Structures are given as C-alpha cells and as structure tokens.
Amino acid sequence: MNVLRINASDTYQIRNLILRSGRPLEDCHFSHDEDEQTFHLGAFIDKQLVSVASFYFEKSNSLTEEYQYRLRGMATLQEHQGKGLSSALLKTAFPIIKQNFCQLLWCNARTTAQGFYQKVGFEKVESEFQIEGIGPHVLMYKKID
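Keep in mind that this is a model prediction, so the values were computed, not measured.

Visitor: What is the right way to look at the pattern of salt bridges in this model?
Guide: Side chains carrying opposite charge are able to pair once their charged atoms draw close together. All chains considered together, the criterion is met by three salt bridges. Of the charged contacts in the structure, one is a salt bridge between Asp33 and Arg15, with a shortest N-O distance of 2.9 Å. In this pair, Asp33 is assigned in the loop between helix 1 (8-19) and strand 2 (39-45) and Arg15 in helix 1, connecting sequence segments 18 residues apart. We note that Asp33, like Arg15, is buried. With a shortest N-O distance of 3.1 Å, Glu65 and Lys143 are connected by a salt bridge. Within this pair, whereas Glu65 is found in the loop between strand 3 (48-57) and strand 4 (69-76), its partner Lys143 is found in strand 8 (residues 135-143), the two being separated by 78 residues in sequence. For Lys143, a relative accessible area of 48% puts it in the partly exposed group.

Visitor: I'm lost on helix 1 in this one. Help?
Guide: In an α-helix, one turn spans 3.6 residues; hence positions three or four apart end up facing the same way. Of all the residues in helix 1, the buried ones are Ala8, Thr11, Tyr12, Ile14, Arg15, Asn16 and Leu19. Looking at the buried side of helix 1, the elements it contacts are strand 1 (2-6), strand 2, strand 3, strand 4 and strand 5 (104-110).

Visitor: Looking at this model, I keep getting lost on the UniProt feature "domain: N-acetyltransferase" (unreviewed entry) in the protein. Mind explaining?
Guide: Mapped onto the present numbering, the UniProt feature "domain: N-acetyltransferase" (unreviewed entry) falls at residues 1-145. Within the segment residues 1-145, helix and strand shares are 23% and 35% respectively, and the terminal C-alpha atoms sit 25 Å apart.

Visitor: Quick question: what am I supposed to make of the nonpolar core here?
Guide: One recurring pattern in soluble globular proteins is that nonpolar side chains are buried together. In terms of nonpolar packing, the biggest core is built from 33 residues, with Phe39, Phe55, Leu71, Leu90, Ile97, Leu105 and Tyr117 touching the most fellow members. When residues of this core are traced back to their parent elements, those giving at least two are helix 1, strand 2, strand 3, strand 4, helix 2 (85-99), strand 5 and strand 8. Broken down by element, the residue count for this core peaks at seven residues, all from helix 2. Setting aside anything within four residues of it in sequence, one finds Leu71 in contact with Ala53, Ser54, Phe55, Leu90, Leu105, Trp106, Cys107 and Tyr117.

Visitor: Even after reading the chapter, I still don't get the side chain of Asp33, so can you show me in this structure?
Guide: Overall, Asp33 belongs to the buried group, its relative accessible area being 3%. Not counting chain neighbours up to four residues away, the residues in contact with Asp33 comprise Ala8, Tyr12, Arg15, Cys28, Thr38, His40 and Tyr56.

Cut-offs and rules
Residues numbered from 1 in each chain as written. Predicted model: local features only at pLDDT ≥ 70, side-chain atom pairs only at ≥ 80, totals over all residues. Heavy atoms only, no water. Salt bridge = Lys/Arg side-chain N within 4 Å of Asp/Glu carboxyl O. Helix = DSSP H or I, 4+ residues; strand = E, 2+ residues; numbered from the N terminus. Buried < 20%, exposed > 50% of the residue type's maximum accessible area, 1.4 Å probe, protein only. Contact = heavy atoms within 4.5 Å. UniProt positions renumbered as here; feature names shortened; annotations may be inferred. Core = buried A, V, L, I, M, F, W, Y, C linked by side-chain atoms within 4.5 Å.

Laid out in structure tokens, this is it:
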C-alpha cells in the first residue's frame, strides 16, 4: 500500500460510491477542494486508488485554536475497508498539517464512524446533529503533537 498526494478530482469517484451513493458526481466536489492550502491523499493498492481523504485549512467555530485543519470526504472502497487504509491516510496527513503550523484536526464524523475516530485519537465535542440528506454526525477533533 502506498499513500500519495492526489488531485481533488481523483477523490470524486470514491466519494460518490461511498459517501454520496445514488447522487450526481457533481455532489462530490466540495467547496475549497482547490484552495491553495487544501491537500488530498489517496491510498493505493496495486496502483489502484482505493481510499481517499481531503484536508482543508478551515476553522470550526466550536473549537478555540486559532489555526485548524478540517478532515472531509474520507472514504474507502467497501472491499478494502478494515485494512488500516484510513489510519494510514491520517498518519501521512498529521506531519503535513503540523508543517502548516496547525496542531488541530477536526471533522464532522458520521456517527457510524465515531468508533474509528476515537481509536485514532479523536475526541467528541458536541452532541449528535443531522446533515440533511446524509445523516447523523458528531463534531470530533484531534490535537496533533
């Protein structure tokens, strides 16, 4: 398995299959995908992209740190889930985020993924909330040392 930087457009197919199933591919283009400080990572197995994650220099109003990154659109093809690919994407991202003078990564985690995020060191901030058309989420963050 290799983790590499990828383009925003490389994430759309996996985002669509896993996070936006049945919706148009255009729904998988997120605002700020092309911002200068945004970066996207992909995990490859046998040269096939099987897992993606995007990281945005974006502040959550619920968190006090001045500089923050947001994790969004993390998804792994179903047949490759449970193999540590998302963890590998995060481990690759942490030094990049720190290099950008940020010590905090946050996300709106699907409640079904909350256990995964807790295993990799994220903490829950607030109670559950709904994202229309997607489902229940919780705000989670991780301090990066």
